[in-house]
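# Observations on the three-dimensional arrangement
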Amino acid sequence: MKKRRLKKWAVALLIGLVVFAIALYLLISYIIKINSNPYKLSKLGYKDDEVTKIVNILSDEQIKNDILTMSYDENLDDIVSERYFIYANLKRYLYYRKLNNVSATAVVTMVNANRDRDYYSNMEETDTSKDTLMLVNKYYYLKEDYVPSDLVDIATTYAYSGNQMRSVAYDDLKSMFNDAKTAGYTLIVNSAYRSYDWQKTVYNSRKVAYGLTYADKYVARPGNSEHQTGLALDIVEYGSKTEFKDTDAYKWLADNAYKYGFIERYVESQEEVTGFSAEAWHYRYVGKDAAKTIHQTGLSFDEYYAYYVLNKSNWL
Ligand SMILES: [Zn+2]
């Protein structure tokens, strides 16, 4: 009799414990769920497929600290999915997209190249420690007294007399021109290193002759010219009267320059990105690794710099 009563009591206790455990489990699950990023994102208005993209690409910290503090944005999932998305630019992307009805790819391209900002505004002194990867454009400048430390005279076999460039790129230039010659094209440099004062003279003479808008379209302001880096070269075909972009020599150079570490810097399809009109003759030395990536991806150097140079982690 006593034994049986004890058994009943034990069974009741067991059932009670199981019920309690299930209730506790459900409660904990619920608490975890309402505190999870996916749940909070869906509460903000993100649809299931958007939530999936966002949690797969952004870290828990990024979602918690930034995304959940902003209101729903219908463009967010497309923008974070972009190949060259840079997290630090997120708010600029969203703002740019609000003002411009363009694709997510165009948003990322333009913002990475700083084109959401006006030319010559928010200017930053370029980081010359990046060496052959330093970026000089309408947003990054070189100081008036910046002179490359390794300038060498370019032999008259390769350039009109009086031209100098950085020695770090000179051997590659010689190889490139020698190989072009073997292919049947005689290339020559007609302008290479230009000092700050020299650029100032060039820019001011254009400004006086044609006005500010014209000068800014075709000539960089002093401090904003790649020629001051000693890594930029204006190249033409020796003795040719045809416009360089219409020559076979140009085609050879455009196809092969990357093998020697050079890139065509201002191409027609990227005028809006680089901020410069196409210049078929203007080549920039960036080293072989960067030139190869730029050749393969079709990125402008401005975008390359933002994604690969400033954000080293993107290499991983
Ligand atoms: Zn040039």
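The model shown is predicted, which means the values in this text are computed figures rather than measured ones. (Residues numbered from 1 in each chain as written. Predicted model: local features only at pLDDT ≥ 70, side-chain atom pairs only at ≥ 80, totals over all residues.)

Our focus in this paragraph is the overall build of the protein. When helices and strands are tallied, the protein shows 14 helices and 8 strands. Taking 316 residues into account, the globule formula puts the C-alpha radius of gyration at 20 Å, and the protein, at 29 Å, lies well above it. Across its three principal axes, the protein shows a C-alpha extent of roughly 120 × 40 × 35 Å. The burial tally for the protein puts 33% of its 316 residues in the buried class. Across the protein, contacts joining residues at least 24 apart in sequence account for 58% of those joining residues at least 6 apart. (Helix = DSSP H or I, 4+ residues; strand = E, 2+ residues; numbered from the N terminus. Rg over C-alpha atoms; globule rule 2.2 N^0.38 Å. Buried ≥ 20, exposed ≤ 12 C-beta atoms within 10 Å, placed from the backbone. Contact = placed C-beta atoms within 7 Å.)

Another aspect to go through is helix 7 (residues 104–112). Because the α-helix completes a turn every 3.6 residues, residues three or four places apart line up on one side. Of the positions making up helix 7, those classed as buried are Val107, Val108, Thr109, Met110, Val111 and Asn112. Its buried side turned inward, helix 7 meets helix 5 (76–80), helix 6 (90–99), helix 12 (271–274) and helix 14 (301–310). Remark: Asn114 follows helix 7 within two positions and exhibits a positive phi of approximately 70 degrees.

A positive phi angle is found at Tyr120, which is not glycine, with a value near 60 degrees. On the secondary structure map, Tyr120 appears in the loop between helix 7 and strand 1 (124–125). You can call Tyr120 partly exposed: it has 14 C-beta atoms within 10 Å. Even without being a glycine, Asp131 presents a positive backbone phi close to 55 degrees. With respect to the secondary-structure elements, Asp131 resides in the loop between strand 1 and strand 2 (140–141). Exposure remark for Asp131: the 13 C-beta atoms within 10 Å place this residue in the partly exposed category.

The subject of this paragraph is the sheet that holds strand 5 (residues 187–191). Within the open sheet, the 4 strands sit side by side as 5-6-8-7. Their pairing is antiparallel. What marks the edges here is a single partner per strand, and that holds for strand 5 and strand 7 (262–266). For this sheet, the mean inter-axis angle between neighbouring strands, taken without regard to orientation, is 45 degrees. (Pairing = 2+ DSSP bridges. Axes fitted to C-alpha atoms, helices over the stretch in contact; angles between N-to-C directions.)

Let us now look at helix 6. All of the buried residues in helix 6 are Leu90, Tyr93, Tyr96 and Arg97. Taken down its axis, helix 6 places every buried residue within 130 degrees of arc, on the same side. Opposite its buried face, helix 6 presents the exposed residues Lys91, Lys98 and Leu99, each directed more than 90 degrees away. Buried positions along helix 6 lie against helix 5 and helix 7. (Arc of directions from axis to C-beta.)

This next bit is on the domain arrangement of the protein. Each assigned domain of the protein is listed with its residue range as follows: domain 1 (37–112) and domain 2 (124–315). Computed from C-alpha atoms alone, the centre-to-centre distance between domain 1 and domain 2 is 35 Å. Of the residues assigned to the side of domain 1 that touches domain 2, the class counts are 3 nonpolar, 2 polar and no charged. (Domains from an automatic or database assignment. Nonpolar A, V, L, I, M, F, W, Y, C, P; charged D, E, K, R; others polar.)

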